[in-house]
Amino acid sequence: MIEFFTENVALPDLDYPAIERWIGEVAQSHGFSVGNLTYCFCDDPYILEANNKFLGHDYYTDIITFDYTRRGRIGGDMIISLDTVRTNAEGLGVTYRQELLRVIIHGVLHLCGINDKGPGEREIMEANENKALSLL
């Protein structure tokens, strides 16, 4: 089950049934099924507070992913700052929608075991994001 809710922002205008099917396709392409996923769309102050509280980080980010994946079934809570997504889209020269979809699937890819912090991992993540985006 995939749930979408908001904190301090309006729900983004997306085709949520299509997003849910897409998430399922991407998970399946990595050998996983979809369990319980929760997306919380929020503003920068909300994600900064969550980043401080849960991770001890004092900075803004586009997404925080809490991984509850077990036995081949992805599960997790993802917090996405729409403010940071918008800022990043402008900086990257892409549309807000494109960047939001990239961030949505970025969390799923983390749940599938793909990391982006170590040497060479960012390039692997970006390649997987691009492949996933081509499925939508």
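Please refer to the structure higher up on the page.
Presented here is an overview of the structure given in this document.

The rules behind each value
- Residues numbered from 1 in each chain as written.
- Predicted model: local features only at pLDDT ≥ 70, side-chain atom pairs only at ≥ 80, totals over all residues.
- Heavy atoms only, no water.
- Disulfide = S-S within 2.5 Å.
- Helix = DSSP H or I, 4+ residues; strand = E, 2+ residues; numbered from the N terminus.
- Buried < 20%, exposed > 50% of the residue type's maximum accessible area, 1.4 Å probe, protein only.
- Polar contact = N/O pair within 3.5 Å; in protein donor to acceptor, adjacent residues only side chain to side chain.
- Contact = heavy atoms within 4.5 Å.
- Expected span 1.5 Å × (residues − 1).
- Pairing = 2+ DSSP bridges.
- Right-handed = clockwise from strand over helix to strand, strands pointing away.

## Regarding the state of the cysteines
Argument step 1. One pass over the structure, following the stated rule, counts zero disulfides.
Argument step 2. Cysteine Cys-42 shares no disulfide, and the gap to the nearest cysteine sulfur, in Cys-40, comes to 5.2 Å.

## So, the side chain of Ser-81
Argument step 1. Looking at the element boundaries, Ser-81 is found in strand 4 (residues 73-81).
Argument step 2. When its relative accessible area of 0% is taken as the criterion, Ser-81 is described as buried.
Argument step 3. At 2.5 Å, the side chain of Ser-81 forms a polar contact with the side chain of Asp-44.
Argument step 4. Among the polar contacts made by the side chain of Ser-81, one reaches the main-chain amide nitrogen of Thr-84 at a distance of 3.2 Å.
Argument step 5. What Ser-81 contacts, discounting residues up to four positions off in sequence, is Cys-42, Asp-43, Asp-44, Ile-47, Thr-61 and Asp-62.

## Here we look at the environment of Ile-80
Argument step 1. Structurally, Ile-80 is set in strand 4.
Argument step 2. Judged by its relative accessible area of 0%, Ile-80 falls in the buried class.
Argument step 3. With 17 residues separating them along the chain, Ile-80 and Ile-63 place their C-alpha atoms 4.5 Å apart.
Argument step 4. Not counting residues within four places of it along the chain, the set of residues in contact with Ile-80 comprises Tyr-39, Cys-40, Phe-41, Cys-42, Ile-47, Asp-62, Ile-63, Val-85, Leu-100, Val-103 and Ile-104.

## Here's the deal with helix 1 (residues 16-29)
Argument step 1. Here helix 1 is 14 residues long and its end C-alpha atoms lie 20 Å apart, about the 20 Å a rise of 1.5 Å per residue gives.
Argument step 2. Residues Tyr-16, Ala-18, Ile-19, Trp-22, Ile-23, Val-26 and Ala-27 constitute the buried set of helix 1.
Argument step 3. Tucked inside the fold, the buried residues of helix 1 contact strand 1 (2-7), strand 2 (33-42), strand 4, helix 4 (96-111) and helix 5 (121-135).
Argument step 4. A positive backbone phi angle near 85° is found at Gly-31, which sits one or two residues after helix 1.

## Focus on the side chain of Asp-62
Argument step 1. With respect to the helices and strands, the residue Asp-62 is situated in the loop between helix 2 (44-55) and strand 3 (63-67).
Argument step 2. A distance of 3.4 Å separates a polar atom in the side chain of Asp-62 from a polar atom in the side chain of Arg-102.
Argument step 3. Leaving out residues up to four positions away in the same chain, Asp-62 has contacts with Ile-47, Ile-79, Ile-80, Ser-81, Thr-84, Val-85, Asn-88, Glu-99, Arg-102 and Val-103.

## Considering the pairing of strand 2
Argument step 1. The buried fraction of strand 2 amounts to seven of the 10 residues, a majority that puts the element mostly inside the structure.
Argument step 2. Note that strand 1 and strand 2 share six bridges and pair parallel. Of the residues in strand 2, the one forming a bridge with Glu-3 is Thr-38.
Argument step 3. Handedness of the strand 1-helix 1-strand 2 crossover: left-handed.
Argument step 4. Of the strand pairs in this sheet, strand 2 and strand 4 are connected by eight bridges, and their pairing is parallel. Paired with Val-34 across the two strands is Ile-74, which belongs to strand 4.

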